[in-house]
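The chain contents come next:
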Amino acid sequence: TIDCNNLNISDLTGIADFTDLTELECTNNQLTSLDVSANTALTTLRCANNQLTSLDVSAATALNVVQCQNNDLTSLDVSNNTSLTFLYCSGNLLTNLDVTNHITLILLTCHSNNLTSLDVSAATALTTLYCGWNQLTILDVSQSTDLTDLNCNDNQLTSLDIRNGNNNSIYSFSSTDNTNLYCIDVDDP
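**Student:** What is the right way to read the sheet that holds strand β1 (residues 2-3) from this model?
**Tutor:** Neighbouring strands of a sheet are bound in pairs by backbone hydrogen bonds; such pairs are parallel or else antiparallel. Taken in spatial order, the nine strands line up as β1-β2-β3-β4-β5-β6-β7-β9-β11 in an open sheet, and their pairing is parallel. Since the sheet does not close on itself, it has two edges, and those belong to β1 and β11 (172-174), each with one partner. Here strand β7 (residues 128-130) pairs with strand β9 (residues 149-151) via three bridges, running parallel. If you follow Leu129 over to β9, its bridge partner there is Leu150.

**Student:** What am I meant to see in the sheet that holds strand β8 (residues 138-140) here?
**Tutor:** With respect to topology, three strands assemble into an open sheet ordered β8-β10-β12, the strand pairing being parallel. Edge positions in the sheet fall to β8 and β12 (184-185), since each of these pairs with one other strand and no more. Two elements, β8 and strand β10 (residues 159-161), share three bridges in a ladder whose sense is parallel. Paired with Asp140 across the two strands is Asp161, which belongs to β10.

**Student:** Explanation requested: the pattern of salt bridges in the structure shown.
**Tutor:** Under the defined criterion, the tally for this structure stands at three salt bridges. One salt bridge in this structure joins Arg46 and Glu25, with 3.0 Å as the shortest N-O distance. Taken together, the residues span a long stretch of sequence, with Arg46 in strand β3 (residues 44-46) and Glu25 in strand β2 (residues 23-25) at a distance of 21 residues. When the shortest N-O distance is used, the salt bridge between Asp161 and Arg163 registers 2.8 Å. In this structure Asp161 comes out as buried when scored by relative accessible area, which is 10%.

**Student:** Would you mind going over the environment of Leu76 with me for this structure?
**Tutor:** The topology assignment puts Leu76 in the loop between β4 (65-67) and β5 (86-88). Residue contacts for Leu76: discarding those within four places in its chain leaves Leu55, Cys68, Leu87, Cys89, Leu94 and Leu97.

About the cut-offs
- Positions within a chain are numbered from 1, following the residues in the order the chain's sequence is written.
- Owing to the predicted nature of the model, reporting of local features is limited to residues with pLDDT of at least 70; listing and counting of side-chain atom pairs is limited to 80 or more, with chain, interface and lining totals taken over all residues.
- Hydrogens are left out, water is left out, and the side-chain values use all remaining heavy atoms of the structure.
- DSSP-based pairing: two strands are paired if at least 2 bridges between them are found.
- Runs of E in the DSSP output that reach at least two residues are strands. Runs of H or I that reach at least four are helices, and both are numbered from the N terminus.
- Any Lys or Arg side-chain nitrogen located within 4 Å of an Asp or Glu carboxyl oxygen qualifies as a salt bridge.
- Exposure categories follow from relative accessible area, calculated using a 1.4 Å probe and restricted to protein chains: below 20% of the type maximum is buried, above 50% is exposed, and the middle band is partly exposed.
- The contact definition used throughout considers only heavy atoms, calling two residues in contact when any of these lie within 4.5 Å.

If you want it as structure tokens, here you go:
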């Protein structure tokens, strides 16, 4: 484990020497780049609140937790990280996020990006989804039977399907400021 949070550092180039590293925490710094391609054993990566414009996590196939929120990421490819359970990528510049292979995903926060679509149909274990402040027009969480917390505020939704067979377990729900959303599909209207 390496923990270098809150140190105001701008460079972590020596991180490649730690090939057995499983946890890297480098939040609240001045990092503009982060190369974890040699850190294939990573299970946890927390690099939030930096100035990262790119992040390649494709070699770290055992990643379980990624927290990269509040950076300047324009893309994030997590297609090789099918063990993800927690993905925090809000507050970036993402236009696309592919989580179609992530059946173990429990929590996804991707709000405050530029996403136009989001397919969470494979994320059947999803309990928490924060996808507000994007440009989504359609959201279907009907396959997420464990969903308890959903915020999809401030999108451009015209269709919202939450018929997951377990609406009674949803304790937090907000879909305000979707001016074209006239109907929400629920278990029992």
